[in-house]
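What follows is the residue order along each chain.
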Amino acid sequence: MACFILNLRCSDTLWRSSKLPTATICALLATVQPKSKKTLAKSGVKNIVVVEGVRIPFLQSGTSYADLMPHDLARAALQGLLNRTSVPRDVVDYIVYGTVIQEVKTSNVAREAALGAGFSDKTPAHTVTMACISSNQAMTTGVGMIAAGQCDVVVAGGVELMSDVPIRHSRKMRKTMLTLNRAKTLGQKLSLISKIRPDYFAPELPAVAEFSTSETMGHSADRLAAAFGISRLEQDEYALRSHTLAKKAQDGGLLLDVVPFKVPGKDTVTKDNGIRPSSMEQMGKLKPAFVKPYGTVTAANSSFLTDGASAVLLMSEEKALAMGYKPKAYLRDFVYVSQDPKDQLLLGPTYATPKVLEKAGLTMADIDVFEFHEAFAGQILANLKAMDSDWFAQNCMGRKSKVGAPPLEKFNNWGGSLSLGHPFAATGCRLVITAAHRLKKEGGQYGLVAACAAGGQGHAMIVELYPQ
Amino acid sequence: MLAVISPRPLLFRVSVKLFYVSSFSFLKSTEHKLITRFCLFPARSHVSCDIKGDVAVVRFNTPNSKVNTLSRQLSSEFTDVMNEIWANEAVKSAVLISSKPGSFIAGADIDMIEACKTSQEVTQLSQEGQKMLEKIEQSPKPVVAAISGSCLGGGLEVAIACHYRIATKDKKTILGTPEVLLGLLPGAGATQRLPKMVGLPAAFDMMLTGRNIRADRAKKMGLVDQLVDPLGPGMKAPEARTIEYLEEVAIGFARGLANRTVSAKRSKGLIQRITDYAMALPFVRRQVYKTVENKVQKQTKGLYPAPLKIIEVTRQLLNAKLSASLFPFFQSFGQLAVTKEAKALIGLYHGQVLCKKNKFGTPQREVKTLAVLGAGLMGAGIAQVSVDKGLKTILKDTAQQGLDRGQQQVFKGLNSKVKKKSLTSFERDSILSNLTGQLDYKGFEKADMVIEAVFEDINIKHKVLKEVEAVIPAHCIFASNTSALPISQIAAVSKRPEKVIGMHYFSPVDRMQLLEIITTDKTSQDTAASAVAVGLKQGKVVIVVKDGPGFYTTRCLGPMLAEVVRVLQEGIDPKKIDAISTAFGFPVGAATLIDEVGVDVATHVAEDLGKAFGERFGGGSIELFKLMVEKGFLGRKAGKGFYVYQEGVKNRSLNSGMDEILARFKVPAKPEVCTDEDIQMRLVTRFVNEAAMCLQEGILSNPVEGDIGAVFGLGFPPCLGGPFRYADSYGAKQLVDKLRKYEAVYGSQFTPCQLLLDYANSPSKKFHQ
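In this text, all values refer to a predicted model and were calculated from it rather than measured experimentally. (Residues numbered from 1 in each chain as written. Chains lettered and ligands numbered in written order. Predicted model: local features only at pLDDT ≥ 70, side-chain atom pairs only at ≥ 80, totals over all residues. Heavy atoms only, no water.)

Structural notes on the overall build of chain B
- When helices and strands are tallied, chain B shows 30 helices and 20 strands.
- For chain B, whose C-alpha radius of gyration is 28 Å, the value lies close to the compact-globule estimate of 27 Å for 769 residues.
- In terms of principal-axis extent, the alpha carbons of chain B reach across some 85 × 60 × 55 Å.
- Relative to its full complement of 769 residues, chain B shows a buried share of 59%.
- In chain B, the share of contacts with a sequence separation of at least 24, taken over all contacts with a separation of at least 6, comes to 74%.
- Carbon and sulfur atoms form 55% of the exposed surface of chain B, whose accessible area is close to 31,000 Å².
- Side-chain charges of chain B comprise 100 positive and 76 negative groups, with the mean position of each set lying 5 Å from the other. (Helix = DSSP H or I, 4+ residues; strand = E, 2+ residues; numbered from the N terminus. Rg over C-alpha atoms; globule rule 2.2 N^0.38 Å. Buried < 20%, exposed > 50% of the residue type's maximum accessible area, 1.4 Å probe, protein only. Contact = heavy atoms within 4.5 Å. Areas by Shrake-Rupley, 256 points an atom, 1.4 Å probe, with all protein chains shown as cover. Lys, Arg positive; Asp, Glu negative; His and termini not counted. Charge placed at Lys NZ, Arg CZ, Asp CG, Glu CD.)

Here we look at the sheet that holds strand β6 (residues 150–152) of chain B
Residue and element names in this part refer to chain B.
- Read across the open sheet, the 4 strands follow the order β4-β6-β8-β9; overall the sheet is mixed. At either margin of the open sheet sits one strand with a lone partner, and together these are β4 (103–105) and β9 (213–214).
- The strands touched by helix α4 (residues 154–161) within the sheet are β4, β6 and β8 (174–176), with β6 carrying the most contacts at an inclination of about 85°. (Pairing = 2+ DSSP bridges. Axes fitted to C-alpha atoms, helices over the stretch in contact; angles between N-to-C directions.)

Quick look at the sheet that holds strand β7 (residues 164–168) of chain B
All names here are of chain B.
- Sheet architecture is open: 6 strands sit in the order β1-β2-β3-β5-β7-β10, paired in mixed fashion. Two strands close off the open sheet at either side, each with one partner strand: β1 (47–52) and β10 (226–228). Each neighbouring strand pair of the sheet contributes to a mean axis angle of 20°, computed without reference to strand direction.
- Across 4 bridges, strand β5 (residues 143–147) lies against β7 in parallel orientation. Opposite valine 144, over in β7, you have tyrosine 164 as the bridge partner.

Observations regarding the packing of helix α23 (residues 599–613) of chain B against helix α24 (residues 622–631) of chain B
Residue and element names in this part refer to chain B.
- Two numbers describe how α23 lies on α24: the axes approach to 9 Å, and their chain directions differ by 145°. Of the two possible hands of crossing, α23 and α24 adopt the one that is left-handed. The residues of α24 that touch α23, namely those facing Val599, Asp600, Ala602, Thr603, Ala606 and Glu607, are Ile622, Phe625, Lys626, Met628 and Val629.
- For the contact of α23 with α24, a count of residues per class yields 7 nonpolar, 1 polar and 3 charged. (Left-handed = near helix turned anticlockwise from the far one by under 90°. Nonpolar A, V, L, I, M, F, W, Y, C, P; charged D, E, K, R; others polar.)

Things to note about the pairing of strand β12 (residues 392–396) of chain B
Residue and element names in this part refer to chain B.
- Counting buried residues along β12, 4 of its 5 residues qualify, which places the element largely inside the surrounding structure.
- When strand β11 (residues 369–373) meets β12, the two strands line up parallel, connected through 5 bridges. Each bridged residue has a counterpart across the sheet, and for threonine 369 the counterpart in β12 is lysine 392.
- In terms of strand pairing, β12 meets strand β13 (residues 435–438) through 4 bridges, oriented parallel.

As for the interface of chain B and chain A
- Every contact between the two is made by 17 residues of chain B and, on the other side, 18 residues of chain A.
- Taking both partners together, chain B and chain A bury about 1,600 Å²; carbon and sulfur atoms supply 65% of that area.
- The largest contributions to the chain B side of the interface with chain A come from B:Pro233, B:Met235 and B:Phe426, which together make up 36% of the buried area.
- At the surface where chain B touches chain A, the tally comes to 0 salt bridges. (Buried area = accessible area lost by both parts, 1.4 Å probe. Salt bridge = Lys/Arg side-chain N within 4 Å of Asp/Glu carboxyl O.)

Overview of helix α14 (residues 377–387) of chain B
- Here α14(B) lies mainly inside the structure; 10 of its 11 residues are buried.
- Buried residues of α14(B): B:Met378, B:Gly379, B:Ala380, B:Gly381, B:Ile382, B:Ala383, B:Gln384, B:Val385, B:Ser386 and B:Val387, and no others.

Focus on the packing of helix α20 (residues 553–569) of chain B against helix α22 (residues 590–597) of chain B
Residues and elements named next belong to chain B.
- Between α20 and α22, the least distance of the axes is 10 Å, while the angle of their chain directions is 115°. Classified by chirality, the crossing of α22 by α20 is left-handed. Here α20 contributes Leu557, Leu561 and Val564 to the contact with α22, which in turn contributes Ala590, Leu593 and Ile594.

Side note on the UniProt feature "domain: Thiolase N-terminal" (unreviewed entry) in chain A
- In this numbering, the UniProt entry assigns the feature "domain: Thiolase N-terminal" (unreviewed entry) to residues 48–318 of chain A.
- Taken end to end, residues 48–318 of chain A has its terminal C-alpha atoms 9 Å apart, with 36% of it in helix and 16% in strand. (UniProt positions renumbered as here; feature names shortened; annotations may be inferred.)

Some points on the nonpolar core
Residues and elements named next belong to chain B.
- By size, the foremost hydrophobic cluster in this structure holds 111 residues, and its most contacted members are Val450, Tyr552, Met628, Phe716 and Tyr726.
- Each residue touching methionine 628, except ones within four places of it in the same chain, is listed here: Val599, Phe633, Gly641, Phe642, Met658 and Ile661.
- Within the second largest apolar cluster, 81 residues are counted, among which are Ala108, Phe329, Leu336 and Tyr349. (Core = buried A, V, L, I, M, F, W, Y, C linked by side-chain atoms within 4.5 Å.)

Points about the UniProt feature "site: Important for long-chain enoyl-CoA hydratase activity" (unreviewed entry) in chain B
All names here are of chain B.
- When the UniProt feature table is mapped to this numbering, "site: Important for long-chain enoyl-CoA hydratase activity" (unreviewed entry) covers Glu157 and Glu179. These annotated residues cover 23 residues of sequence, and their C-alpha atoms all fall within 11.3 Å of one another, placing them together at a single site.
- Among the secondary structure elements, glutamate 157 is positioned in helix α4.
- Judged by its relative accessible area of 2%, glutamate 157 is buried.
- Not counting residues within four places of it along the chain, the set of residues in contact with glutamate 157 comprises Leu133, Glu179, Pro186, Gly187, Ala188, Gly189 and Ala190.
- A distance of 2.9 Å separates a polar atom in the side chain of glutamate 157 from the backbone nitrogen of alanine 188.
- With respect to the helices and strands, the residue glutamate 179 is situated in the loop between β8 and α5 (190–198). (Polar contact = N/O pair within 3.5 Å; in protein donor to acceptor, adjacent residues only side chain to side chain.)

A look at the environment of B:Asp216
Residues and elements named next belong to chain B.
- If you trace the backbone, aspartate 216 turns up in helix α7 (residues 215–221).
- The spacing of aspartate 216 and histidine 604 is 388 residues in sequence and 48 Å in space, taken between C-alpha atoms.
- Residues within four places of aspartate 216 in sequence aside, it is in contact with Lys169 and Leu227.

Some remarks on the UniProt feature "domain: 3-hydroxyacyl-CoA dehydrogenase C-terminal" (unreviewed entry) in chain B
- The positions that UniProt labels "domain: 3-hydroxyacyl-CoA dehydrogenase C-terminal" (unreviewed entry) are, in the present scheme, residues 550–645 of chain B.
- As a span, residues 550–645 of chain B carries 64% helix and 2% strand, and end to end its C-alpha atoms are 29 Å apart.

Observations regarding a positive patch on the surface
- Among the surface-exposed residues, A:Lys342, B:Lys169, B:Arg217, B:Lys220 and B:Lys421 lie close enough to one another that they form a single positively charged patch.
- Considering the arrangement of structural elements, one finds A:Lys342 in the loop between β9 (329–338) and α13 (348–360). (Patch = residues over 30% accessible without salt bridge, like charges linked within 9 Å, V, L, I, M, F, W, Y side chains within 5 Å.)

A few points about the side chain of A:His422
Residues and elements named next belong to chain A.
- Position of histidine 422 relative to the elements: it lies in the loop between α16 (417–420) and α17 (427–442).
- Polar contacts involving the side chain of histidine 422 include one to the side chain of histidine 373, which spans 3.3 Å.
- There is a polar contact of 2.6 Å between the side chain of histidine 422 and the side chain of threonine 427.
- The residues touching histidine 422, leaving out its near neighbours within four places in the chain, are Cys132, Ser303, Phe304, Thr306, His373, Ser417 and Thr427.

Observations regarding the UniProt feature "domain: Thiolase C-terminal" (unreviewed entry) in chain A
- Under the local residue numbering, the UniProt record ascribes the feature "domain: Thiolase C-terminal" (unreviewed entry) to residues 325–464 of chain A.
- Helix makes up 36% of residues 325–464 of chain A and strand 23%, with an end-to-end C-alpha separation of 17 Å.

Thoughts on the confidence of the model for chain B
Residue and element names in this part refer to chain B.
- For chain B, per-residue confidence averages 89 on the pLDDT scale, and 93% of positions sit at 70 or higher.
- Below pLDDT 50 for its whole length, residues 1–41 participates in 128 contacts with residues either more than four positions away or in separate chains.
- Among the prediction metrics, the complex's ipTM stands at 0.89, with pTM recorded as 0.88. (pLDDT = per-residue confidence, 0-100.)

Structural data, given as structure tokens:
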């Protein structure tokens, strides 16, 4: 897999021909190559397991979830988890949820959702935010609590509702309105109101732009693709791969984490609605969305605005076994990284991957399953190239040599954020549970989950299949 | 501390930038490597060509130089390459790009213009350039300029002759026509092309101010068609990949233009269309010419021929048919190039380049942490120009109130850049994180340099020096920002005088370009190297002078201000003095200058220098100043001086309180030396004589620094190029004659110094060869 690009060019054939049993090949590879470590269990450190993970179907924003609120989606995911695991409610010690665009009415969305989902009102809940790795943060927060011996059972998850975002009055208007609250006499009130000018009514919209650089993420992705010399064609091919694989996984019933959601006033939603394998010709027709008119990032090779929620049930291994559960996987070493939010905004996985491998004492070859968050096709391809570049490793990361790019046949085999959708804070749990499911299905031991996030941050975690 | 707040004339708004950089080096051309994939073209040293499919990529690369300049060699190679492209049927379009990420073409080679002996030679140069650009403009194969870095003067001319322009949206990418700053005009057709491209008002703005235009602004103006964002690191260095990407994008557009999928026509905004429509009316155009001409006349007092010529040429060319003879236009360029104003301005340019170099070499230790004592106007100003260059800066004052004011000044200075969009609010905040405000000496143990900007009193200076030396590390340099106190006197109490140096900044620090560095006999070379390095980092033009009362700049100003006082005493009112001095080319009137400097400061300096130099610094009565101070007429900072200053009032009136003072000190005027011209010459000859004396005494090490110091620190008329250039062009003999004439009336204050006499006696001797 040294020359990744060549592989990609013929990737069309590669994954079509993977009607041949990819799983078998991988299993073969796995047996051929002995692992650096038999397990990542460490003495003196609790084994922490993911018992189960679910998500409601990820929908393009503005579709069936459009009239709901974020805690409604989170509630549905939590209820799905309760249903699937039948975990007694009072066993859950703590709930952590991630969210990015906050609904101001439910700023601690974890608590609101938990109460509505029928968890015990004695179970505390808090909300974390870390852009696209918010639910990763929720999970690792839970891991920390269990490892520290403070809890045995934690529910972690993430929710995002892009169908409705807070649009604010202008600062001037807000100031007037707040002052108005304090005005006592009618005269004072009238004089304040008389100061309102038409420009006060211009609303403030949230943007998917970095606060520090004012650059939208798509623009940064386009520059990133250009920096690594990734063509439009390569990006479209990769996006098509994502959609094709997702479709196959969906049709093949592999997306086991999806739980149906009966939307009030609407039909039950049972599957993701953003998977749309198209043709290269059709994708080629789209105009660049950010760097106009000559850029390479288009609507078709970017992840789309998505509504969705996910949740996982984490326990200490002893507790899970004591309760009679068969865990799906161990959550092992993880790292958070951060780098320049302007030029390396989306390179989190490149920085996180070698670091987490080193921490775990594994090599790239030990990993059987890669689940990377696909923000943009160009971003994924740039990360793969960066990981495979000695120049980048030496000049930007201060490492002696490259870590190497993950082999594509182990990479996001059931689709990714490009096709399944990307509700910002819900993606992390999807990555972990998909890695666990793929390890089981494809016959591997170690999975590597990685994601980039706004602010120039990143995350990676090793998931180890629970012995069958 | 001297302050010259200059509403700088339009000629000197942008002058800090290196707009043209000369290069002498087409000698080593054979050594230069060529990037020619196809052996179609013979070996060249300045221009190479690469054929990518049906697009020719022409690369400029002046060997052994940071920038590309339009030299004879480059122009001729460029012409050859273009001819080959036009002859090559496989090539359908071309891209012009530089191999240097920081410079497209920084301008014409100044040395080439200077080397011309006659205006005819320059005229010919201009004609050749214009011919080539016309061919590009009319080329049947579209030509795209891919601009990264400086695109100035002749470089801009090349770019706007192309059919399409793509620029990197980088701070280094600047476009402009700085010719006017050198007393020239855009010599290869910009006078004709720019108005068509950006409209007449914007074109005049560019050509008459010479201002640099950033890429994003250029896009809005219609000067460039597309922007390319700079890239971050990928598989190679960001700059290298960015210019490669620029080339790829440009090739795409070149191909698009050739097969007509891309149109070079810009969709103009409503305002642009309305302006264009209005400009098409002869009546409106005449009005514009008139307004611009009046404005230029007012600002330049007719002392600068170039701006007027630019207006004239633009008008002629716009009225003329394309095919009409352009000869008069080329002639204008040639004529301008040999004017003494152009020579003076080009001299200043060369001087600036020289004063942007550290003649002491690289210091042993880079200054990373700077401490500034005193958060007054100067201290905060020094902090501002340091933090935005990445220096960790401690700003220390003795009172919270003063410190707050100083920190607010730094914030305000940076925030005004945010408002002008040259800085983002995030960049502002991150710059401000380099600043620490404090009242104690905490952290001074990590300081590499301390600059004190405390009150001008030798006892206070001694006190802080001792305090500071007790807390700073051994390698730390102590610099004093004083405008007149001798550094050796300050250093007298130092335990390590080799680390003591003078750094004389000018107010307002963020706008004034000059830094005068003063070394004593004991100052070490490395200390000097370090001070110059810091000054250059702060973006200053640095002159280094020897220690002595008033150093160089303050000392030159002293006699002139004494003369101003005498003129006032002789009954000339301040407004008249201002008018006379600005008519000579000073950006700020002489009376206003005293108000700006502060009457108390002027008194202080005059007393000190009077003590040191005696009668030569006499003339006006210092008692007049003292009475002003007593009455609280301290100048602008007090709201009253010679004038009354009110917030928001533009036309200030004379301070009526001064009438009584002036009446009290009135002396009879000497009618034989009281014409306007005589008054001007009385001021200027004393200035020049003192400058020459500084050179004679070795305070100055060369005339170039003397000219730069006088123009950038004191506002000596730029069109005269500084006191030494002026002595050359006016004639040392003529100057001495004038001095003798005034000496006969007023005595020894006008006695010419020996050096000036020497030069007067041998007419072939010049300060600038």
